[in-house]
Amino acid sequence: MADNKIHTVGILTSGGDAPGMNAAIRAVVRESIINGMSVKGIQRGYTGLLNEEITDMDKHSVSDIIQRGGTILGTARCEEMKTEEGQAQAAEICKKHGIDCLVVIGGDGSYRGALALSRHGINAIGIPGTIDLDIACTDYTIGFDTAINTAMQAIDKVRDTSSSHERCSIIEVMGRNAGYIALWCGIANGAEDILLPEKYDYDEQKIVDNIINNRKHGKKHHIIINAEGIGHSTSMARRIEAATGIETRATILGYMQRGGSPTTKDRFYGSIMGAYAADIVAEGKRNRVISFKGGEVVDIDIEEALAMQKTIPEYHYKISQNLSR
């Protein structure tokens with residue numbers, strides 16, 4: 001009879017880095033060892049896997065990392081993993097190094113690589129690590145809480161100087177094509193306008209009218225939170241200044257939102273999700289994605305997870321509009 005027990009777990013981080021990834025790495029390694037499995041760390045995501053940048057890990061390998069931002073394993077984009085040849089090669093490398101199961105921490109693109117490996121016979125487990133909160137199968141993704149707190153604090157600072165100079169400020173936050181960071185910060189920072197890729201109608205005249213109306217009623221500043229998926233904040237600022245006669249500046253927060261020591265929430269959920277991944281591997285589950293749903297950590301079939309769609313909650317959007325008036 002074939003031995004279906006998992007002996008060796010591989011772990012990698014892929015796509016954009018997110019605060020809390022190190023907490024997840026630490027938990028996967030330590031819980032796997034407790035469950036009687038050995039662990040191999042893969043540097044630089046799927047690129048490192050294809051280059052066989054693979055090392056043994058033990059509990060000491062992950063000491064003193066839970067408070068650090070980024071990922072100790074490194075990460076990179078990998079075009080080769082989008083090809084059948086690259087996927088087959090990655091699966092063969094896993095088998096060569098005795099990796100029975102690969103734990104992938106990342107976003108949807110990382111999951112697609114994991115799904116491809118599962119079709120080549122490698123047990124693949126996904127853990128949601130992305131600041132964008134755009135993975136449909138989960139209510140929470142590791143890194144989101146740190147990113148929105150970093151952005152919120154920066155926006156508060158920009159508001160102070162905007163008020164001093166009686167300016168309009170367009171502050172662009174990250175999120176790729178998803179508007180969750182913009183939505184949360186827009187509400188938390190009390191922005192006057194919130195522009196989301198999922199909802200924006202590109203009618204700048206409405207923004208101009210809102211700025212002028214607020215100024216007539218004594219408002220000394222005007223904060224516009226603009227999502228990365230809309231972008232073009234600098235040119236938008238020029239157009240709004242020309243239309244309103246009010247000094248308008250663009251601030252693009254950029255990659256600062258990915259960095260920094262993770263919040264308690266990201267450390268906690270990173271740890272719980274990582275440990276849960278190691279536990280379901282030990283139980284013999286195959287090709288799953290770890291998710292946080294309804295206050296509980298659960299696991300979902302990887303194909304089912306990738307087929308799900310996510311949208312901005314209508315009530316959250318309505319309230320963001322009501323409170324900005």
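Residues numbered from 1 in each chain as written. Predicted model: local features only at pLDDT ≥ 70, side-chain atom pairs only at ≥ 80, totals over all residues. Heavy atoms only, no water.

## Quick word on the pattern of salt bridges
Under the defined criterion, the tally for this structure stands at 18 salt bridges. Salt-bridge contacts for Asp 201 lead to Lys 206; the nearest nitrogen and oxygen are separated by 2.6 Å. On the accessibility criterion, Asp 201 (44% relative accessible area) is partly exposed. Residue Arg 249 is joined to Glu 241 by a salt bridge in which the shortest nitrogen-to-oxygen separation is 3.3 Å. A cluster of three or more residues bridged by salt bridges with shared partners is formed by Arg 167, Glu 241, Glu 247 and Arg 249. (Salt bridge = Lys/Arg side-chain N within 4 Å of Asp/Glu carboxyl O. Buried < 20%, exposed > 50% of the residue type's maximum accessible area, 1.4 Å probe, protein only.)

## With respect to the side chain of Thr 244
Looking at where Thr 244 falls in the secondary structure, it is placed in helix 8 (residues 233–244). A relative accessible area of 17% places Thr 244 in the buried class. One polar contact links the side chain of Thr 244 to the main-chain carbonyl oxygen of Ile 240, over a distance of 2.8 Å. Separated by 3.1 Å, the side chain of Thr 244 and the backbone nitrogen of Ile 246 make a polar contact. In this structure, Thr 244 is in contact with Val 208, Ile 211 and Ile 212, ignoring residues within four places of it in sequence. (Helix = DSSP H or I, 4+ residues; strand = E, 2+ residues; numbered from the N terminus. Polar contact = N/O pair within 3.5 Å; in protein donor to acceptor, adjacent residues only side chain to side chain. Contact = heavy atoms within 4.5 Å.)

## Structural notes on the pairing of strand 2 (residues 38–42)
Within strand 2, four of the five residues are buried, which leaves it mostly tucked inside the rest of the structure. When strand 1 (residues 8–13) meets strand 2, the two strands line up parallel, connected through four bridges. Of the residues in strand 2, the one forming a bridge with Val 9 is Val 39. Of the pairings in the sheet, the one linking strand 2 to strand 3 (residues 54–57) comprises four bridges and is antiparallel in character. Across the sheet, residue Val 39 finds its bridge partner in strand 3, namely Met 57. (Pairing = 2+ DSSP bridges.)

## A word on the sheet that holds strand 2
Read across the sheet, seven strands follow the order 3-2-1-4-5-10-11 without closing on themselves; strand pairing throughout is mixed. At either end of the open sheet lies a strand with only one pairing partner, and these are strand 3 and strand 11 (296–301). In this sheet, neighbouring strand axes are inclined to one another by 30 degrees on average, regardless of whether the strands run parallel or antiparallel. Across the sheet, helix 1 (residues 21–34) touches strand 1, strand 2, strand 3, strand 4 (101–106) and strand 5 (123–128), and the angle it forms with strand 1 is around 180 degrees. Across the face of the sheet, helix 4 (residues 108–118) comes into contact with strand 4, strand 5 and strand 10 (288–293) while running at roughly 165 degrees to strand 4. (Axes fitted to C-alpha atoms, helices over the stretch in contact; angles between N-to-C directions.)

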